[in-house]
Structures are given as C-alpha cells and as structure tokens.
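# Survey of secondary and tertiary structure
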Amino acid sequence: MAGITAFGGYVPYNRLDRKQIGQAFGKPVSTGEKAVANYDEDSLTMSVAAALECCRGIDPKTVRGVYFATTTSPYKEKQCATNIAAALDLERNVRAADFTDSLRAGSAAMLAALDAARNGVTTLVAVGDSRLGAADGAYEADFGDGAAAFIFGSTGVIAELLDSYSVAVDFHDQWRAENDTFVRNWEDRFSVTQAYEPFVTEAVRGVLQKTGLKPGDFFKLVHYGATPRNQAALAAKLGFGPEQASDCLSKTVGNAGAASVPLMFVAALEDARPGDKILLVTYGEGSDALVFEVTEAISQLPPRRGVRSYLEHKRVAINYEKYLRWRELITFEPAKRPDQPRSSLPDYYRNYKKNYALYGCQCKACGTAQFPPTRVCVQCQAVDQMEPYRFYGKRGKVVTFVFDYLALSADPPNVDVVVDFEGGGRMFCNLVDCDLQSIKVGMDIEMTYRHLFTADGIHTYFWKATPQW
Amino acid sequence: MATGIKDRTAVIGMGCTKFGERYDCGKEDLLVEAVHEALEDAGIEFNAIDAFWFGTMNTDYAGTAFSQRLKSQYKPVTRIENFCCTGSDVFRNACYAVATGEFDVVMAIGLEKLKDSGMSGGFGFPIDYDRTEPELSAPAMFGMLAPAYAGKYGVTYDQMREVLPRIAYKNHYNGSLNPKAMFRQEIPLDQIKKSPMIAAPYLTIMDCSGVSDGCACAIITRTETAQRFRKDPMYVKAMELTAGPAHSQMHQSYDFTTIVETNQAAERAYKKAGITDPRTQISLAEVHDCFTITELILYEDLLFSERGQAWKDVLEGRFDLKGELPVNTDGGLKAFAHPVGASGLRMIYESWLQFHGRAGKRQLDDPKIGLAHNLGGMPWCGVAAITILGKELG
C-alpha cells in the first residue's frame, strides 16, 4: 500500500483585502482577501514551512527523498529541493528534484513520489507558489500565496492512493516566457471551454473508470478552479454535489497556483475520516486525477497546522503599496546606508548545519547549549568538546527587543530580538509576522525559515523568529 | 611580575581638529591640523618624533596612510584598528613603547573621515561572511539595552524618556561651550523629547551621537624626560583594554543592563591607578556616549552610580558640568561628535585642556584626575578602553 503518511499546510500571515486594490485603481475587483507572502517569504520558504508542519513527530532521517514543486522557483538554474532537504535536516543521501513550470507541477511531483514510495523510498513533496499578476489585472487580485507538503510512503499510510489518471496536452492557457514577470493568458473562454473543462473531465472520467467509482462515492472532490464560478460549474457537470466540491480558497487565500489544489487537499484531509475517498484533480497543460482513500491511521497523526488554523492566523493590515514593495514592483529610494554585500558562499557553506537546519552546539564538558556553533566553549573554554545541537523546535522567549528604523528593510521598522531557548542558548534575530504593539519581553516565539536578501543573484536564507501561536 | 607603568609616561602636547562635516578637508588636512597643533603645543619639531601609532577604523589602511601625508621619514608607523577604541588603543600602545626605552618621543594619532562616504550615518565592514546575522543598526544594538534596564529596575517608560533626553541635553549644553564641537547649539529639552524614533521604543534621533570627520593626537614621552619639554605635562595613571568573548551574546546569564567589557576595564584601571572611590576621586570623565542609553549604563559600569540608580543620579544632575562628577564636559560623542578613530584621543584631549585651564567656558575648578572611556562593537561583544590621566604625579 502506498499513499500519504503525513501532511502540512502553510498560508502566509499577511493578507491583502482586495478592496485595497480596488481603491488603488478606482474600479471594482473580486471580494475577499489574498494571502501575501511577506517580503522575506517566497515559494521556497513557504514550502519549508509546510514541510516542517508535515514532518511534525517524524524523524527526518526516515525521509529519503524531497521533491519541490512550483511555478515560481527562486532560481532559474539551481535546485531548491536540496535547500528544503537541508532545512528539514534530512540525510545527505536523499533523492532531490524540482518540478516546475506548470500548474500541474504539484501533482506531477506527487505522482513521482508515489512511484518512489511503492519502491520503498519515502518521499516528501513540498509545493509552494507565489505568482504575480500585472497591476490592475484580474490575476493580481486573484492570485494568492501558499504552500502544502505531503510525505508519501508505504507504511503508516493515512490516505492510500487507489489509482490515478493523467492527461497531457500542450496548450497555452497561462504562461510566462523567459523574461516575463507576470503571468500571461489567452482569452479565458478559449481556455475554459477548450482546455480546463475537457482536460479535467477526461482525467476524472479516466480515473473513475479505472477504479469503478462513481461521484457519489467521494467525500470530497478537490479540483482546480481558476475562478470559483468555473470550479463549481465543472463540479456540477461532472456529477458532484456542491457539498462535495472543495472550497478553492479564492476568498481567503487566492489562487495559489501549483499549490492551490494541494492546499485544498490539506483542508480536505483535515476534515476526512477513515474510509473517506477524496478525488484530487489538478489542471495545467492537461490534468492529473488521483483517488485517495483515508485510512484508520489518520487518527494517530500528531496535531499539526493545516489550512484551517492558518486561515484564522492572519493580519489584514497591509495596504496595496506595501504589497507592491514586498514584491519589488515599485522602485524605492535606496537607503543612505552602505551597500549590503552578498553572502560569502564558502562561509555560508561551511556553516551548512547552522544556516539550513538551525544547529548550534552543546558543550560536552559543561552542558551549555550555544549559538552560533563554536569550537571553543563560551562558558568553560573547553576546546572541541562540542556536539551538534539543533535549536529548531526548542521553545524560545524574547529577552529584549528593538524596532530598528534605520536598517534596510522592505517593512520598516525591522524588529530585532534576543531569544533565549529552553535548555540554553541565545540567538539574535529578526522577529517577523507580528504586530509591534504586541511585542514584549518574555513573549514566546518560534523559528521560521526566511529569505534574508538577494545579492548578485544569490538568495540567502536563514531563520527568523515569529510569535508562537 | 608585571609592575605596571603608572606615572612613567607623560603627555607633552596634544592637538585636535574641529570635529564635524569637514567637507573643506581631506585626510591630509585633518592630519596636518591636529599634528601641528600638538607639535606647537609641545614645542618640538616633527622630525623629533621617533615613532608613530596611527589609528583609524575604516578611513584608510596601514602606516602609509599617515607617513605619505605627513612625510614622516622612514620611521615606524603602526596602524591600529580596534573599533571605537582605536584612538585609545594607539595612545596605549604608544605609551607602552616609550616606556620600554626604545623611543624617547612618540606620537599617537587618530583619524576618521566619514563624511566623504555619502552615508548620513554608519559605515560598512568589508568582511566576507555568511551574513545570516541580523543587520542591526548601531542605535538598534544599544537600543536593546533600554527595555532590559527599564524592566529590571522598574523604571517606567515615561521616566526613561525623561532620563535619556536629559543626558542628550547635558551633552549638547556642554558642546555649546566648546568651539571645536560639531554641534554648538544648546538644544531645549522639549525639542529633544519630540525627536522622531529611530530605535524604538526608547531611542530617538536625539539619543544618537553624530558621526563626523576629525583627527586628534598626543605626543608622549617618559616622565623623567617630560620636564625637558614642559613643566606641566599630563601623567598617564592607567590604561586598560578589554575585548569580549561574546559571552554576553551567547549565554543567557547576560541581562542587557551592563556592558561587561567596560565594567571589567574599569575595575582593573581603577586598581592600577589606585582609585578606590571613583565618584569622588575622578574630577571629570569623558565616556562613550554613542547613545544616551549607553551613557546611562556606563555610569553604573564605571562605578559612578550604584546599580539601578544611575537614572536617578542623572535627574539629580550629578553628571552635569556643575555637578559632583562632570561627564562629557566637552559635549561628548553627542555634541563634539564621533570620528571613530579619533574619539579616544579627543577624550584624552579634554583632560589636557582642563588640567591646563584652557577649557574656556566649560573650565572646571582645579581638576586633578581625568578618565577617558570608550567602547566599540556591540554591547554584548565588543572592546572597551579606559585611560586615567593625572595633573600631578602620585
């Protein structure tokens, strides 16, 4: 039996009320909120966040492969699955691959991971997306950011794959060429009538035929929808009732691209009970349809943050200008500060365990946990008595803080905190996704993996603090 | 067994440029201005100096930064960089060198030219590292001390916002009496309090010192030869330097209400100088008021105030020009401003002027012992220097 053994979701803390876009351009837009990746988040960091949720209670060494799926990889050339693997503290001898460039990248990665799982290779799939629509266009309002992650394995399966059916057709619905920043599209009636409806229908009929199941057998139909209207109309045409069709999260998250169906799937799994069948259908240059049946093991899964809790954990305070700034869509006057140089890659690489998986060290002679890792103990001066000590997952408290209005920031002021971890160890870092008024000495924090800056095309990722919730 | 060099070296001449936005001056101009004031003060020729200790944090590199501009003739020039302690450290090393007998007369120079960079504040460090540490501005680093201090000692926010502006007010008042200071305006306390936040919740722009251009220097010889040059040299009682092990940064025992480097330097320097009661024995102190919160905490680290009491001493005026222990009589980093490599020597220069009755409107009544303190780096991992100077031997 192969299938899903764990899942996790992620929706960024910041939401833009679409009214703000309407006000900016003086015309009506769709209602609701779109989830907006913070200035230090991207498809990779959101995927790490979802993957860390997914890995709750799981020994990272048991995960033997990592697939990253997105249409918005931070790099055109350079793998990101390796970055995720390192942040999750996986072993070095894992399989890693990126699945990119299609809305169907997530399901393509899931199918590949299922193949791996059948061969005994437990594989994590992290899907994250943060797509851009041009200003004042429908996509700008519709698109939202988010991520989901799943582990596929053959033991401890909580949702077994019964079968799948894939359709692949070369079709231009949405695309970005080499130098395009914004998603382009053909007139949408062409796409809906000639691609979306026929491809999804073909995949759904195909998998129903293979499994011998009927629409009425399913707890949920989790299918892609460019708009809620298209999505609902297609569900009805396929013979599914409104209560079966999943919320495509358009009012709360927005269309999360390749992560859209995976996020909806996480929401469905949160509500599912043993025996429930879920039909997952993606779309983009074809369609993948996967039938899962939830097992008894789902009740043993440790508590985690899925979609539901993230939908409630939010701040809807940002305005449209801040959104433009965070996505670097307007040019700001540079600060009269020294240029920030790129990270030294040799130094970054030497500090691999520290930078990716948040390791410090612990002195065997005196027991002091310390960060950053060092060869000479800060407490007892013992030399080379250190053991690796991972700070990720340790409880942390704010010792002191400051709001820095001078430091370069896309969201001034920068909030700097000193964090003391339970069990010892102290770290200086930024605090993000917080309300300034709520910050105080003694508050509990957790650590989150973020994009610090880009210089010379090098993205530097590291950990920041965020209020514990 | 080390015996120390208390009273074995003496300053025989000092110079200091006007600090500020010296767009009129290059590095050579600043060096000539300070060095020649010191030479005239000491009454000696430039070529009579045997060796030089030249400090700058990031204005230039190597001994040639000095020698090519002043045309020193193939003599030793040692370049020192030690953050904001650079000026104190060149003085310290120059004193040690002359004390050994290797040289008769040496010069310590500190120079910084920051206003040619185009930055309104701050400076970069061209160091290759992974850059995963948060980019804290200097006000933010020291701003982290304020909530901790207020929390530990039960000082309310409003009280803190009385105390910190009061320190800025004092230093600006003193600076208004100093013709070489960058800022020569007395600034009303109300205006200081209304300044915009820069490192919230405690530090406004008016809680920060200003970076500037400037140069200062001292000519030093052994005490027994000092009399050849002048009857009234200034004697070096003690010099201390500490560089921190980052214990405060990495260990939870540190509570952000002290700067350990400074406290340790003070304890050791007082012992060397024979000072048992700093509050009464020290006539004036120039301390590293990079930010008002720094000066507040330093009062306690330098044992001028009891722990948790400095904020009350500030409000009572203990450190005012007419107070029991005047601090930063020349305006400090706040008003005299902060050309990093020069600041340590600028602080020593104030004792020099005060001992010779040359401090003009801010002249104290017969000061005998002066203290110069500076610190560099971060409150949790940095360097600190203390120099104790005397008008008299013994």
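Residues numbered from 1 in each chain as written. Chains lettered and ligands numbered in written order. Predicted model: local features only at pLDDT ≥ 70, side-chain atom pairs only at ≥ 80, totals over all residues. Heavy atoms only, no water.

Residues and elements named next belong to chain B. Axis separation between helix 5 (residues 145-153) and helix 12 (residues 292-301) bottoms out at 10 Å; the angle between their running directions is 50°. On the basis of their axis angle, the class for helix 5 and helix 12 is oblique. Considering how the two elements wind past one another, helix 5 and helix 12 form a crossing that is left-handed. Between helix 5 and helix 12, the contacting residues are Leu145, Ala146, Tyr149 and Tyr153 on the first element and Ile293, Leu296, Ile297 and Glu300 on the second. (Axes fitted to C-alpha atoms, helices over the stretch in contact; angles between N-to-C directions. Helix = DSSP H or I, 4+ residues; strand = E, 2+ residues; numbered from the N terminus. Parallel < 35°, antiparallel > 145°, perpendicular 65-115°, else oblique. Left-handed = near helix turned anticlockwise from the far one by under 90°. Contact = heavy atoms within 4.5 Å.)

Let us look at the interface of chain A and chain B. Many authors give the size of an interface as the accessible area that is lost as the parts come together. The interface of chain A with chain B comprises 46 residues on the first partner and 38 residues on the second. Roughly 3,400 Å² of surface becomes buried between chain A and chain B when both sides are summed, with 61% attributable to carbon and sulfur atoms. For the interface between chain A and chain B, the tally reads one salt bridge. Between A:Lys354 and B:Asp130 there is a salt bridge, with the nearest N and O atoms lying 2.8 Å from each other. For the pair chain A and chain B, the number of links is 20 residue pairs in polar contact (both at pLDDT 80 or more). Of all the secondary structure elements, the ones that give two or more residues to the side of chain A that touches chain B are helix 11 (345-350), helix 12 (352-357), strand 17 (396-404), strand 18 (414-421), strand 19 (426-430), strand 20 (444-455) and strand 21 (458-467) of chain A. Top element by residues in the side of chain A that touches chain B is strand 17 of chain A. It accounts for six residues. Class assignment for the residues of the side of chain A that touches chain B results in 23 nonpolar, 14 polar and nine charged. (Buried area = accessible area lost by both parts, 1.4 Å probe. Salt bridge = Lys/Arg side-chain N within 4 Å of Asp/Glu carboxyl O. Polar contact = N/O pair within 3.5 Å; in protein donor to acceptor, adjacent residues only side chain to side chain. Nonpolar A, V, L, I, M, F, W, Y, C, P; charged D, E, K, R; others polar.)

Here we come to the domain arrangement of chain A. Residues and elements named next belong to chain A. Taken domain by domain, chain A holds domain 1 (3-326) and domain 2 (345-467). Each of domain 1 and domain 2 was reduced to a C-alpha centroid, and the two centroids are 30 Å apart. Interface of domain 1 and domain 2: buried area, both sides summed, is about 2,300 Å²; carbon and sulfur atoms make up 43% of it. Along the contact surface separating domain 1 from domain 2 lie seven salt bridges. The interface formed by domain 1 and domain 2 holds 18 residue pairs in polar contact (both at pLDDT 80 or more) in total. (Domains from an automatic or database assignment.)

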